[in-house]
Amino acid sequence: MRNFIVVVLLAVTLTSTQAADRTSFDSNWKFALGDVSGAEQIAFDDSSWRRLNVPHDWSIEGEYSEDNPMGGQCGYLPAGIGWYRKTIDVDPRWRSKHVEITFDGVYMNSTVWANGKKLGNRPYGWSSFTYDISDLTDISDSITFAVRVDNEKQPSARWYTGSGIYAHTWLTIKEKVHVPSDGIFIRTKGNTIRVDTEVANRSAESGRFKLRTSIRDASGKVVISANRPIALDRGKTGSVNQTMDIPNPSRWSVETPYLYTAVTEVISDDRVLDRVETRFGVRDIEWKPESGMWLNGKNVKMRGVCNHQDAGALGTAVPDKILRYRIEQLKAMGCNAIRTSHNPQTPIFYDICDEVGMLVMDEIFDGWMRKANQDYGGRWFNQWWNRDLTDWLRRDRNHPSVVIYSMGNETRGKVGIELVARCHELDPTRPVTSGHSADEAMDILGVNGASEKVGWLDTMNTDKVFIGTENTHTWQVRGFYRSLTWYRDGYPNKKQKPYKTPDLTEKEIFTYDWTDDAGRANGKQRFNSSYDNAMVRLNSRRNIQQLRDIPRYAGSFRWTGYDYLGEAGYVHGGWPFKAFMGGAIDLANFEKDLYYLYQSQWTNEPMVHILPHWTHPVMELGTQIPVWVYSNCDSVELFFNNQSLGKQEPGQAWDEMQCQWMVGWQPGTLKAVGYCDGKPNVEHVIRSAEAPSQIALSIDGKPLADSGVDIVQIRVASEDAKGEFYPYGENRTHFHVTGPATIRALDNGSPIDVEKHFGTTNRIAFYGLTRAYVETTGVEGDVALLASCILGEKKQVTSDKVSIDAKWLGLRGNPPKAKTEIFYTIDGSTPTSASPRYTEPFSVRLGTTVKASIVVGGKAVQTLEERFAADEGFVWDGGESSGPVGEQAEDAKYAEANVSANGLGFHGKGYIRFTKNPGAFVQWYQENDGDAGTADLIIRHSGKLNNKNGYELKVSVNGKTVDAAVAVPNTEGPGQDWKTVTVEIPIGRGANTIRLAPKLGNGLCIDEILIR
């Protein structure tokens, strides 16, 4: 392959002044959930509808339920159909102007009307689109917009999508002669800038115009400009090409994301008809198969993560401030690249990446055919892909952060060739790849999980640049540890060719868990360890080493940067698991230990981080605990109770990146000191905590702005009486806001907490932390948050003491000065001012419900409740099941069968039993993130067919018959005696549908399948 030379720089932000007027259209929409007849009409009565601002995601506002049609793939949240309406007055100055409305993102299948006129329909939920309403503003005094959003058919994707107008909206007024939306394309090479500009003449007359393009530096100073004449017939669009040289330009890079602004003006007789500002960066990129990506002459490894659109409790309507926080949080981890998996993100995302210096692999599609039952790939792709791809490329091609395009993920089809060709046509400056799809058509080879296999990188045979588009896959739950290694598919799975990660101890030393085996619907429902010892094929440390040391390894994008809602069944077993736990950061933006591993390898600012925590109340004294320290310092010294355990130097090899000491358990203090140039530079201290007795409040990220609508994220930490973090905290915090603000959402990062995020004022802690998002209304005034909690060990493992804490946090201005009092009861009654006043911790027996009333200035503002009992909270003696876990039949799609829990020895919640009726089948969805190939399908069955030796099963994969008559022998006790049969089946990349159909199903029981 030839070296792919890319020179670009772009970013389109239409900030208009003078001739053009682009304003936010986000405020004062009206919303109704459900399909409403006639809601597109002007005269429709929407007075009872809810008033809100967009961006808005109605799914995240709803209740989690195992019965919601979104199912485990999309996070068990409600979907459906929703309507938005908004009426505006038409300014007389808009007459004879070009007026358009823009939607940055609507999920999904949106239809827009203006004054009852249908403007258009866009099925794809991740596209931005614009409608021309000039004909209406010419004749109307007001315009009523109506938007119908249809996300009813589910699942519409393989992960959580949200529902509604989840991104910004805009109203733009221009002259009839103007630059069309996304009509500017800027590219750079060396010091040369080429600007291609479209100009549309929508006026009634032909004319001659001048196009002036001025390049301004970051201070606003014009560094160069160019003028070109253009003649346009009425109703036509023309194009102008301009080339300029900038003397000694400042280069855009990851370290110095310098942005210029191109100011484009369309001029007629010295009058500016249109003015468009486009930010861009001057940068050169070259791709070399032997060494990867070169940015401005420097070899840069893409240290990346994959990310979906959602942000936990905020759903897909992520506020700009929180989105910026998350991108900067990844940058602080050492990450320099994001893959937009598996769809474009909102326009503001790319603007922030430009400003922060974050490289982007911009991905357009998941599948080019059906992957989820009701997804875009299966319903609309063939008709819409060209329009959606075109709009996406024109929108994003000016961003310097965007360095490569991706066409799809683990999919297939000859259309891949057409997709790549269209990309080259619209933007010849950037290469095209995919996540393991139509490899032969791609400029750059992108490989997902298959690139993790032992030996794959050693035998890689390609003349193309290689990127690990999903590499690596590991799982971890914040605050959870296991000393024995865990593999997704069981170990060893020879077909997956995993690298060996040794156990840290001979026997498991940690026992606390979210439940015991009886509380799991199936054996997959496990938390995973934060030691970097839970994976598919290789751990994060080995991936870091491979990326660093293999010259041809251009970039790696771990799955994922953040935990995300949905895809809860494949790895994690489904309900009550609602999320995928692959992130270095959890759903609530709390960093996991893995975050600090990456920071130790990818950043230079001295740091140290100790894991695990040092609070182990049920562990036997003297148990040897592997204490790890991640650091980028020259050496690290560990102290236990002020006694040095010696110095170690972090190594380069994957198993030496962490410094490890085996420390016998006893309560105390661990301190890690990092040395640079022989001198102590940085330290991290953790201490054993006693029972929780207070909460600590703090702000993560920037505080509230002094005015306007803004949002802030509050961290609530469980602590003991000495102020030490209590890592098992699970007590419920209640929140009360004073001033012009509301609680936007509550979270805790838990993958299994299925309480509502919106419309609630309390949340349990998850391993010691709780998150509150508080949003101001735009009205001036002080804002404060009161957080209150009844604290104690729910199972009273070490203490029967209960504490009650109420703390104020000033968010803007000062908190109220009114006296705060606490009254409580332990007899089940509702506390009043006549109840005991809380002054100090008190003891209760197991089975006690403590209630409290928080009184501020004589008025009760919060009522708290917490139960302490043997059946409350997580467990301290959770065991570990051994062996691989199958896909349960009762959770699959089936016909002419019944679910039964009568019997013995079945796995999960039950099994299915086929009836006598024809048309019976059971069907599973399986995701393969590796190469296509063969697998062993192991069917666990039971049943007895009289006068026959057994049953016959037709086995098909992706609609193709693998075996029309698999022999399934009788067993002695149907529903009690279980046996297995094994069939070799083909497995494709990405989505696979496996179906079993009995020839005669009467009484055949299927418990589960295993795929190896």
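What counts, and where the lines are drawn
Residues numbered from 1 in each chain as written. Predicted model: local features only at pLDDT ≥ 70, side-chain atom pairs only at ≥ 80, totals over all residues. Heavy atoms only, no water. Pairing = 2+ DSSP bridges. Helix = DSSP H or I, 4+ residues; strand = E, 2+ residues; numbered from the N terminus. Axes fitted to C-alpha atoms, helices over the stretch in contact; angles between N-to-C directions. Buried < 20%, exposed > 50% of the residue type's maximum accessible area, 1.4 Å probe, protein only. Contact = heavy atoms within 4.5 Å. Salt bridge = Lys/Arg side-chain N within 4 Å of Asp/Glu carboxyl O. Right-handed = clockwise from strand over helix to strand, strands pointing away. Parallel < 35°, antiparallel > 145°, perpendicular 65-115°, else oblique. Left-handed = near helix turned anticlockwise from the far one by under 90°. Nonpolar A, V, L, I, M, F, W, Y, C, P; charged D, E, K, R; others polar. Polar contact = N/O pair within 3.5 Å; in protein donor to acceptor, adjacent residues only side chain to side chain.

## A few points about the sheet that holds strand β10 (residues 142–151)
Move 1: Strand order in the open sheet formed by six strands is β4-β3-β5-β10-β7-β8, and the pairing between neighbours is antiparallel. For this open sheet the edge positions go to β4 (50–52) and β8 (117–122), each flanked by a neighbour on one side alone. Neighbour-to-neighbour, the strand axes of this sheet turn through a mean angle of 25°, independent of strand direction.
Move 2: Bridge count between strand β3 (residues 29–33) and β4: three bridges; the pairing is antiparallel.

## As for helix α8 (residues 593–602)
Move 1: Of all 10 residues in α8, eight are buried, a share of seventy percent or more.
Move 2: Within α8, the full set of buried residues consists of Asp593, Leu594, Tyr595, Leu597, Tyr598, Gln599, Ser600 and Trp602.
Move 3: In this structure, the buried residues of α8 make contact with β23 (302–307), α2 (320–333), α7 (540–549), β32 (553–558), β35 (608–611) and β36 (624–631).

## Some points on the environment of Met358
Move 1: Following the sequence through the fold, Met358 ends up in the loop between α3 (347–356) and β25 (359–363).
Move 2: With 20 residues separating them in the primary sequence, Met358 and Ile338 have C-alpha atoms 7.2 Å apart.
Move 3: Ignoring any residue separated from it by four or fewer positions in sequence, one finds Met358 in contact with Trp252, Ile327, Leu330, Lys331, Cys335, Asn336, Ala337, Ile338, Cys353 and Ser401.

## Thoughts on the pattern of salt bridges
Move 1: Per the counting criterion, the structure on display carries 64 salt bridges.
Move 2: Between Glu265 and Arg275 there is a salt bridge, with its nearest N and O atoms 3.8 Å apart. Of this pair, Glu265 sits in strand β18 (residues 260–268) while Arg275 sits in strand β19 (residues 271–280); the two residues are 10 residues apart in sequence, bridging distant segments of the chain.
Move 3: Accessibility expressed as a relative area gives 9% for Glu265, which makes it buried.
Move 4: Ionic contacts of the salt-bridge type, sharing partners, join the residues Arg482, Asp513, Asp517, Arg520 and Arg526 into one network.

## A few points about the pairing of strand β24 (residues 337–340)
Move 1: Of the two faces of β24, both are covered, the one formed by Ala337 and Arg339 as well as the one formed by Ile338 and Thr340.
Move 2: Pairing of β23 with β24, which is carried by four bridges, proceeds in the parallel orientation. Directly across from Cys306, in β24, lies its bridge partner Arg339.
Move 3: One crossover worth recording links β23 to the parallel β24 by way of α2, and it is right-handed.
Move 4: In this fold, the crossover linking β24 to β25 by way of α3 has right-handed handedness.

## Examining the packing of α7 against α8
Move 1: In the contact formed by α7 and α8, the axes pass within 11 Å of each other and the chain directions differ by 25°. Classified by the angle their axes make, α7 and α8 are roughly parallel. α8 is crossed by α7, and the crossing has right-handed handedness. Counting all contacts with α7, which are made through Ser540, Arg541, Ile544, Leu547 and Arg548, the residues of α8 involved are Leu594, Leu597, Tyr598, Gln601 and Trp602.
Move 2: Here the residues of the contact of α7 with α8 are counted per class, giving six nonpolar, two polar and two charged.

## What about the side chain of Thr411?
Move 1: With respect to the element layout, Thr411 can be found in the loop between β26 (402–409) and α6 (415–426).
Move 2: Its relative accessible area of 5% is what places Thr411 among the buried residues.
Move 3: From its side chain, Thr411 meets the backbone nitrogen of Trp368 in a polar contact 3.0 Å long.
Move 4: Every residue in contact with Thr411, bar those within four places of it in the chain, is listed here: Asp366, Gly367, Trp368, Met369, His436, Ser437 and Ala438.

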